[in-house]
Amino acid sequence: MSRHYEIVVDRIRCDGRGLCAELLPELIRLDDWGYPIISPGPIPEHLMPLAERAVEDCPVLALTLRRTEQGKRASR
Amino acid sequence: MPDTFLWYVTRAAGAVSLVLLSGVVILGLLSTMRVQGEGWPRFLTTGLHRNVALIAVVFLFLHIVTAVVDPFTHLGWGAALVPFSSYYRTFWLGLGVIAFDLLLAIIVTSLVRNFIGHRTWRAIHWLAYGSWPVAVIHGLGTGTDVWSFWFMLLTATCAGIVLIVAGYRFMAGPFDPLHTARAVFRGSVEKRELP
Amino acid sequence: MSTMRLLAGRTLSAGPEGFAEHAARLGHLPHAGRDLTEVVVRSGLTGRGGAGFPAGLKWRAAAARHAHVLVVNGAEGEPHSKKDRLLMSTRPHLVLDGALLAARAVRINEIVLYIGEHHTIARAAMERALAERPAADRKHFRIAAAPARYVSGDSSAAVHLVTTGIALPTNAPAAPAMVQNVETLAHVALIARSGEDTGTVLVTMAGGVSRPGVLEVETSSTIADAIALAGGATEPPRAVLMGGYFGAWVEIGQAQGLTLDPAALRARGLSLGCGVVGVLPGSHCPVCETAGIMRYLAGESSAQCGPCFFGLRALAEASGRIATQGSNSEDLQRLHRWAAEVRGRGACKHPDGAVMFLQSALSTFGQEFASHPAHRARRSA
């Protein structure tokens, strides 16, 4: 039973440090002012370790991983 | 002063700790300043900051353990944890204990950062600006060969670089691009008292 | 639909309706219990603050999470909107009735009247009305001043002010509080007495009409009807801005037949919003008008989120350049790209509202944006 997570940004806490985009360029890119644009949808399994690292390394703890709706349904 | 093996290790580990901790402070300052370059991503600065800190703790433990078990100094384990409780060089050693206690607080809170939240973590992390200078002064005051050329040079170099980088960090204004605008807006909506 | 009207009673220019007059006209406060929530649900009443969320459902949710503060949102940060101020300064007891009924239905003891800091007439009328009430009712209320910023009216900012004293929009849901617009509660006061919705809405007619101001119209009225009631257009209009600065531009031909019914508007991809109907005269340049509004909205960002602060500022600058220096393809491309990127990336709805407003301008006035000549002076309404 696979779980699906998505990346959620606390937009107020985020101050455009950019580590997340460095660690996970497949899913995160920076806009013209250095703030993250996150590809919508669940995180592919093979990118989960990097996603967890991005969450851990964010200097202001602005990122969290949240179970997507499918993830919640799958685990019931 | 007998030149025992333990005593050499204590001094050496102390010197290495000084260098490593100075590096940690510099990397921390560079993180705040959001430095990056071609081939030097920001996560490298923060990753090194964390890993060098952990290595420094290893050398610090070596430094403390060898000092405590050294038969000449008659330090008990209590002296290593409670400041100013040793007979041997009470004041200078006490400073080292303080620096170590502060560092311990910083490291423990960093390990549980996710549970205590960013604000608390950051407040305690500022203790670093107390821990490092106290450690440097401890180093200058405790050893018997402190006034030897190599140690002075080492301390001067480490302290010099830290002070230069710290000077830049505190002079170069807010690194958060929203800092001013946010403060201006907040000022415009501060609580209105009603008559 | 009932035949009751929010603005029935003494003429609006005669000042606030007192408690005795209000009670004589409408009877005393009806009983409110959990059943009132179901009456409100059945009435189909939707919020009049801008979001248009069904009021009854909001009450059920607030009761379920044991909200303990009711915020009566009269901040009215939208510059052209006047309906909330009008209600508070002429029918304050309707608002107080609605607030007490909602609080009782949802088991809330604390009511905060959130009134714009510069809206002195409205506040004075509400204070006077409170003083006329029995102490048992009065003790639940307190008044909080909303700073004169656009985002002060945002629900999360209102709650943040009530809990911390600073009107900053937040990520946090409104957990301890239930926020309800002044007009919505005024409708509740009537629904509780008749059991049915009034079938009316308050709109503020603004821009190129002879008699701008607040009107109470039936939801079956069209925008053309409303313009006529406001004395007609001052000159043939080009378009209508439906819903204020977070609303959408509509060509006049399409707009005339639109009914001022929240559900009907939503079906067309539009929104009643805060009820402002802005009429753009034909002689006014829609590009310049849009650029001016974008500059205002960019300046009203609370600067907490990068995409909102920098994005709206860049959008305002680009549309301003098109307005003053003439169209160019780079700025047009940037407008489309940044608008798509900024949307949804703020903590509150401010960037979304601004971006959707701009996108409606780009689609309604596509021709004008693509071929705008340079002109320095902006003729404004």
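How each quantity is defined
- Residues numbered from 1 in each chain as written.
- Chains lettered and ligands numbered in written order.
- Predicted model: local features only at pLDDT ≥ 70, side-chain atom pairs only at ≥ 80, totals over all residues.
- Heavy atoms only, no water.
- Buried < 20%, exposed > 50% of the residue type's maximum accessible area, 1.4 Å probe, protein only.
- Helix = DSSP H or I, 4+ residues; strand = E, 2+ residues; numbered from the N terminus.
- pLDDT = per-residue confidence, 0-100.
- Pairing = 2+ DSSP bridges.
- Contact = heavy atoms within 4.5 Å.
- Buried area = accessible area lost by both parts, 1.4 Å probe.
- Polar contact = N/O pair within 3.5 Å; in protein donor to acceptor, adjacent residues only side chain to side chain.
- Nonpolar A, V, L, I, M, F, W, Y, C, P; charged D, E, K, R; others polar.
- Axes fitted to C-alpha atoms, helices over the stretch in contact; angles between N-to-C directions.
- Arc of directions from axis to C-beta.
- Left-handed = near helix turned anticlockwise from the far one by under 90°.

So, about the pairing of strand β4 (residues 177-181) of chain C. Burial of β4(C) is extensive: five of the five residues sit out of reach of the surface. Here β4(C) shows two buried faces, one formed by C:A177, C:V179 and C:N181 and the other by C:M178 and C:Q180.

Time to look at the confidence of the model for chain A. Per-residue confidence for chain A gives a mean pLDDT of 89; residues scoring 70 or more make up 88%. Mean pLDDT per element in chain A: helix α3 (residues 69-74) of chain A is the minimum at 58, and strand β3 (residues 36-38) of chain A is the maximum at 97.

This part is about the pairing of strand β2 (residues 110-116) of chain C. Residues and elements named next belong to chain C. Among the seven residues of β2, six are classified as buried, and the element is accordingly described as predominantly covered. Note: strand β1 (residues 69-74) against β2, six bridges, orientation parallel. Bridge pairing in β2 links V69 to E110. Sheet topology note: the β2/strand β3 (residues 141-146) ladder contains six bridges and is parallel. Bridge pairing in β3 links Y114 to A144.

We now examine unusual backbone geometry. Residues other than glycine seldom take positive phi values, yet A:L61 does so here, at roughly 55°. Turning to its location among the elements, A:L61 is positioned in the loop between α2 (48-57) and β4 (63-67). Exposure remark for A:L61: the relative accessible area of 11% places this residue in the buried category. Here the phi dihedral of C:A303 falls at roughly 60°; this positive angle occurs in a residue that is not glycine.

Glancing now at the interface of chain B and chain C. Across the boundary between the two partners, chain B contributes 13 residues, which contact 21 residues of chain C. The junction of chain B with chain C conceals about 1400 Å² of combined surface from both sides, 69% of it contributed by carbon and sulfur atoms. Put simply, chain B and chain C have two residue pairs in polar contact (both at pLDDT 80 or more) between them. Here the residues of the side of chain B that touches chain C are counted per class, giving seven nonpolar, one polar and five charged.

Glancing now at the sheet that holds β4(C). Residues and elements named next belong to chain C. Strand order across the open sheet formed by four strands is β3-β2-β1-β4, with parallel pairing between neighbours. Each of the sheet's edge strands pairs with one partner strand only, and the pair in question is β3 and β4. Across this sheet, the average inter-strand angle for adjacent strands is 25°, counted without regard to direction.

All right, on to helix α6 (residues 118-125) of chain B then. An α-helical turn contains 3.6 residues, so a residue and the one three or four places further along point in the same direction. Residues and elements named next belong to chain B. Among all positions of α6, only H118, W121 and H125 are buried. One face of α6 carries all of its buried residues, which in axial projection span an arc of 70°. Exposed positions of α6 whose direction lies more than 90 degrees from the buried face are R119 and A123. The elements touched by buried residues of α6 are α2 (42-69), α4 (90-111), α5 (113-116) and α7 (128-142).

Further remarks concern the sheet that holds strand β6 (residues 213-218) of chain C. The strands making up a sheet associate through backbone hydrogen bonding, with each pair oriented either parallel or antiparallel. All names here are of chain C. Spatial strand order, β6-β5-β9-β7-β8: five strands in an open sheet with mixed pairing. The strands lining the two open edges of the sheet, one partner per strand, are β6 and β8 (248-251). Here the average twist between neighbouring strands, direction ignored, is 30°.

This part covers the packing of helix α4 (residues 83-90) of chain C against helix α6 (residues 120-132) of chain C. The geometry of a pair of packed helices is captured by two quantities: the angle between their axes and the separation between those axes. Residue and element names in this part refer to chain C. At a minimum axis distance of 7 Å, the contact between α4 and α6 shows a crossing angle of 35°. α4 and α6 meet at a crossing whose hand is left-handed. For the pair formed by α4 and α6, the contact residues are R85, M88 and S89 on the first element and I121, A122, A125 and M126 on the second. Its residues assigned to classes, the contact of α4 with α6 comprises five nonpolar, one polar and one charged.

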